[in-house]
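Architecture at a glance
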Amino acid sequence: MSEVCVRVAVRIRPLLPREVLHNHQVCVRVVPGSEQVMLGSDRLFCFDHAFGSTVSQDEVYESCVLPLVESLIDGYNATVFCYGQTGSGKTYTLGGGNLAEDGGIIDRVAHDVFVLLGKTTQSSDVEKATVRVSYIELYREELRDLLELHTTHKELHIREDDRGNTGHLKSHVDKQDFDYISENN
């Protein structure tokens, strides 16, 4: 795994049917052959990955997320953080449709983590692995644990310690633990 701790990708969604109907124009595009996005006709922004409106869910996942999943199996932590205004395509990228056609990041991660864990436990002495998952939404400056069965908001406070490290103090947000036990046992 590379030494870069944070990588940033941008995905440009296509115009929605109602935007086409109202003659809206595309104002953001990926510069061909680069990881740059052009806003308007003269403003360039650089990213680690830049995906245009025709790029598949597969391409986004394999470029940005699969390397993180593979590092999870090696014991590293990983976070995928999606940011954008309402209607920008976050839910589609994360959730997508059915896994075979255009499944999103969540479906693909869940599938690949357990496939890779299965291969790891079959080819090594590892008999048991624990997977901890958090699925948190930040909306209008409120954090919600989306794995919590009850829809009540949990109060999470993000704080910085005296060394500049950040973390959260939780009133009570449980992480979902999934134990994977090899079928060879």
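The structure displayed is predicted, hence computed values, not measured ones. Within each chain, residues carry numbers counting from 1 in the order of the written sequence. For this predicted model, a pLDDT threshold of at least 70 governs which residues receive local features, and a threshold of 80 or more governs which side-chain atom pairs are given and counted, while totals over whole chains, interfaces and linings are taken from all residues. Water and hydrogen atoms play no part in the side-chain values, which are based on all heavy atoms of the structure.

What about the UniProt feature "binding site: ATP" (unreviewed entry) in the protein?
Filter applied, for reference: UniProt positions are given in the numbering used here, feature names are shortened, and annotations may be inferred rather than shown by experiment. Every helix listed is a DSSP run of H or I at least four residues long, and every strand listed is a run of E at least two residues long, numbered separately from the N terminus. Each residue's exposure class comes from its accessible area (1.4 Å probe, protein chains only) as a fraction of the maximum for that residue type: buried when under 20%, exposed when over 50%, partly exposed otherwise. Pairs of N or O atoms within 3.5 Å make up the polar contacts considered here, provided that, within protein, one atom can donate a hydrogen while the other can accept it, and that residues adjacent in sequence are counted only when both atoms are side-chain atoms.
UniProt records the feature "binding site: ATP" (unreviewed entry) for G84, Q85, T86, G87, S88, G89, K90 and T91 in the present numbering. Following the sequence through the fold, S88 ends up in the loop between α2 (57–73) and α3 (90–95). Taking relative accessible area as the criterion, S88 reaches 24% and is therefore assigned partly exposed. Of note is the side chain of S88, whose polar atom sits 2.7 Å from the backbone oxygen of Q85. Position of T91 relative to the elements: it lies in helix α3.

Here's the deal with the pattern of salt bridges
Rules: Salt bridges are counted wherever a side-chain nitrogen of Lys or Arg sits within 4 Å of a carboxyl oxygen of Asp or Glu.
Here the structure, examined in full by the defined rule, presents two salt bridges. Measuring nitrogen to oxygen at the nearest pair gives 2.9 Å for the salt bridge that ties R13 to E19. Using a relative accessible area of 12% as the deciding quantity, one classes E19 as buried.

Here we look at the packing of α2 against helix α5 (residues 105–122)
We apply this condition: Lines fitted to the C-alpha atoms define the axes, with helices restricted to the stretch that makes contact. Angles between their N-to-C directions range from 0 to 180 degrees. With respect to orientation, any angle under 35 degrees is reported as roughly parallel, any angle over 145 as roughly antiparallel, any angle of 65 to 115 as roughly perpendicular, and every other angle as oblique. Should the near helix be turned anticlockwise from the far one by less than a right angle, the crossing is left-handed, and should it be turned clockwise, the crossing is right-handed. Note on contacts: a residue pair is in contact if any heavy atoms of the two residues lie within 4.5 Å. Three classes are used: nonpolar for Ala, Val, Leu, Ile, Met, Phe, Trp, Tyr, Cys and Pro, charged for Asp, Glu, Lys and Arg, and polar for all others, with Gly counted as polar.
Direction vectors running N to C along α2 and α5 enclose 40 degrees, while the axes themselves pass 10 Å from each other. For the element pair α2 / α5, the angle class is oblique. The hand of the α2/α5 crossing is right-handed. Counted together, Q57, D58, Y61, V65, L66, V69, E70, L72 and I73 of α2 and I105, R108, V109, D112, V113, L116, L117 and T120 of α5 form the full contact between these two elements. Among the residues making up the contact of α2 with α5, the classes are represented as 11 nonpolar, two polar and four charged.

Here we look at the environment of S53
For S53, the location among the structural elements is in the loop between β5 (49–51) and α2. Judged by relative accessible area, which is 37%, S53 ranks as partly exposed. Taking the C-alpha atoms as reference, S53 lies 5.1 Å from I12; in sequence the two are 41 residues apart. Not counting residues within four places of it along the chain, the set of residues in contact with S53 comprises I12, R13 and P14.

Some points on α5
Threshold: To estimate the expected span of a helix, subtract one from its residue number and multiply by 1.5 Å.
Over its 18 residues, α5 runs 25 Å from end to end, which matches the ideal 26 Å to within 8%, given 1.5 Å per residue. Among the residues of α5, I105, R108, D112, V113, L117, G118 and T121 are the ones counted as buried.

Brief notes about the sheet that holds strand β4 (residues 43–46)
This is how the line gets drawn: For two strands to count as paired, DSSP must find a minimum of two bridges between them.
In spatial order, the strands read β2-β3-β4; together these three strands make up an open sheet with antiparallel pairing. Looking along the sheet, the strands with just one partner apiece sit at the ends: β2 (28–30) and β4. Between one strand axis and the next, the sheet turns by 25 degrees as a mean value, whatever way the strands run. Summarising the sheet, β2 and strand β3 (residues 36–39) pair through three bridges and their orientation is antiparallel. Following the sheet pairing, V28 is matched in β3 by L39.

As for unusual backbone geometry
Phi at N23 is positive, roughly 60 degrees, even though this residue is not glycine. With respect to the element layout, N23 can be found in the loop between α1 (17–21) and β2.

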